[in-house]
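In case you want the letters, here they are:
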Amino acid sequence: MTLKQSFCYPCFSSPTTPLAQLFASAAEMGYAATELWSWDESLDLIVSTAKQAGLIVSSITGHDSIEKGLNDAREHDRIESELKCSIDKAAEHGIPGVICFSGNRHPHTTDLEDLVVCAQGLRKIAPYAESKGVNLNLEILNSRIDHPGYQCDRVDWGIALVEMVSSSRVKLLFDIYHVQIMEGDIIRHLDHAMPHIGHIHTAGNPGRRNLDDGEMNYPGICRALIAAGYQGYVGHEFFTKGDDKIEALRQAFELCAVK
């Protein structure tokens, strides 16, 4: 067994490398998918270009925004509407997951109170995701460096939310870079969260750079994912150290192409 590798194409796009060339190069390396963040009318072109190269699009962002998310009941109607649009697009194009965000903590409520509000918001949209066969992947982000105040910054909080919603289509986006900053102990956390993981992101730490640049042993992490039977995508979401983004993409693939 080998992992299905993906890459966030905005991290690797370049004015000198046409999209079709980037996707063709990635497919030749062995990548199975690409992914993006916010989507617009260009999504159809991205999906068709990826398909021509032999890739799928594995993930898109489901709603705005990171800071104003599901932990605010006043945002639920807006988020539900935005998620329905994203779910429809994902179902149309065979995209397995859309990303959701908890939002930032509130000064006058507890993590438990906001957990309940997030669950209420996800329960409203989960049946629609189930009917369309699309996962809602709640992303774990660090609140120390990149996203100050973000609420879903701990693995156990995310697991508690997924279990509270209790839907086959509500999962976690386990971002290894962010979890490393907040809690470390990556392989143990992956094993603990495995039944609830719908998607994985990678990056080196510190600096969100290449996978071989920092404190984490990605071949070891990937062997643990294989041993745990992980079937989803591992999406590389880092900013390259040098100018050769194609080579950085190749190095990431080879580092994680363990068996």
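So, a few notes on the structure that sits alongside this text. (Residues numbered from 1 in each chain as written. Predicted model: local features only at pLDDT ≥ 70, side-chain atom pairs only at ≥ 80, totals over all residues. Heavy atoms only, no water.)

### Considerations on the overall build of the chain
Part 1 of the reasoning: Scanning the chain from N- to C-terminus turns up 10 helices and 9 strands.
Part 2 of the reasoning: The C-alpha radius of gyration computed for the chain amounts to 17 Å, which stays within 12% of the reference 18 Å derived for 259 residues, consistent with globular compactness.
Part 3 of the reasoning: When the backbone C-alpha atoms are referred to their principal axes, the chain occupies close to 50 × 40 × 30 Å.
Part 4 of the reasoning: Per-residue burial for the chain yields a buried fraction of 56% across its 259 residues.
Part 5 of the reasoning: Intrachain contacts of the chain at a sequence separation of at least 6 include 77% that bridge at least 24 residues.
Part 6 of the reasoning: When the accessible surface of the chain is totalled, it reaches about 11,000 Å², and 49% of it is carbon and sulfur.
Part 7 of the reasoning: Taking the 23 positively charged and 35 negatively charged side chains of the chain as two groups, their mean positions are separated by 3 Å. (Helix = DSSP H or I, 4+ residues; strand = E, 2+ residues; numbered from the N terminus. Rg over C-alpha atoms; globule rule 2.2 N^0.38 Å. Buried < 20%, exposed > 50% of the residue type's maximum accessible area, 1.4 Å probe, protein only. Contact = heavy atoms within 4.5 Å. Areas by Shrake-Rupley, 256 points an atom, 1.4 Å probe, with all protein chains shown as cover. Lys, Arg positive; Asp, Glu negative; His and termini not counted. Charge placed at Lys NZ, Arg CZ, Asp CG, Glu CD.)

### Overview of the nonpolar core
Part 1 of the reasoning: Ranked by size, the top nonpolar core spans 81 residues in total, and within it Phe7, Tyr31, Leu122, Leu136, Leu161, Phe174 and Ile200 carry the most contacts.
Part 2 of the reasoning: It is helix 5 (residues 111-132) that provides the largest number of residues to this core, a total of 7 residues. (Core = buried A, V, L, I, M, F, W, Y, C linked by side-chain atoms within 4.5 Å.)

### Some points on the packing of aromatic side chains
Here the distance between the centres and the angle between the planes together describe a pair of aromatic rings.
Part 1 of the reasoning: What the rule picks out here adds up to 6 aromatic pairs.
Part 2 of the reasoning: For the pair tyrosine 9 and phenylalanine 23, a centre-to-centre distance of 5.9 Å together with 85° between the ring planes defines the contact as edge-to-face. Of this pair, tyrosine 9 sits in helix 1 (residues 9-12) while phenylalanine 23 sits in helix 2 (residues 19-29), placing them 14 residues apart in sequence. Taken as a pair, tyrosine 9 and phenylalanine 23 share a single burial class, namely buried.
Part 3 of the reasoning: With a centroid separation of 5.1 Å and 90° between ring planes, the pair formed by phenylalanine 12 and phenylalanine 238 is classed as edge-to-face. Placement of phenylalanine 12 in helix 1 and of phenylalanine 238 in the loop between strand 9 (233-236) and helix 10 (245-256) is noted, with a sequence separation of 226 residues between them.
Part 4 of the reasoning: Phenylalanine 12 sits in the buried class, given a relative accessible area of 1%. (Phe/Tyr/Trp six-rings, centres within 6.5 Å; stacked < 30°, edge-to-face > 60°.)

### Focus on the layout of surface pockets
Part 1 of the reasoning: Estimates place the volume of the largest pocket at around 250 Å³.
Part 2 of the reasoning: Contributing to the lining of the largest pocket are 17 residues, with Trp37, Ile66, Phe101, Glu139 and Glu237 lying nearest its centre.
Part 3 of the reasoning: In this model, the second largest pocket occupies a volume close to 190 Å³.
Part 4 of the reasoning: In terms of lining residues, the second largest pocket is bounded by 15 residues, among which Gly198, Tyr230, Gln231, Gly232 and Tyr233 are the most central.
Part 5 of the reasoning: Those elements that place two or more of their residues in the lining of the second largest pocket are strand 6 (135-139) and strand 8 (197-202).
Part 6 of the reasoning: Counting residues per element, the lining of the second largest pocket draws most heavily on strand 8, which supplies 3 residues.
Part 7 of the reasoning: Split into classes, the residues belonging to the lining of the second largest pocket amount to 5 nonpolar, 9 polar and 1 charged. (1 Å grid on protein atoms, 1.4 Å probe; cavity = no way out; pocket = protein on both sides within 12 Å on 5 of 7 lines; lining within 4 Å. Points joined across faces, edges and corners; volume = space filled by probe spheres on them. Nonpolar A, V, L, I, M, F, W, Y, C, P; charged D, E, K, R; others polar.)

### A look at the environment of valine 179
Part 1 of the reasoning: Along the polypeptide, valine 179 turns up in helix 7 (residues 176-182).
Part 2 of the reasoning: Sequence separation between valine 179 and valine 155 is 24 residues, and the spatial gap between their C-alpha atoms is 7.5 Å.
Part 3 of the reasoning: If we ignore the near neighbours within four places in the chain, the residues touching valine 179 are Ile140, Val155, Phe174, Gly184, Ile186 and His189.

### Observations concerning the sheet that holds strand 7 (residues 170-175)
Part 1 of the reasoning: The 9 strands are arranged 3-2-1-9-8-7-6-5-4 in an open sheet whose pairing can be described as parallel. Only two strands of the sheet have a single neighbouring strand rather than two, namely strand 3 (56-57) and strand 4 (59-61).
Part 2 of the reasoning: Summarising the sheet, strand 5 (residues 97-100) and strand 6 pair through 4 bridges and their orientation is parallel. Across the sheet, the residue bridging to glycine 97 is asparagine 135, located in strand 6. (Pairing = 2+ DSSP bridges.)

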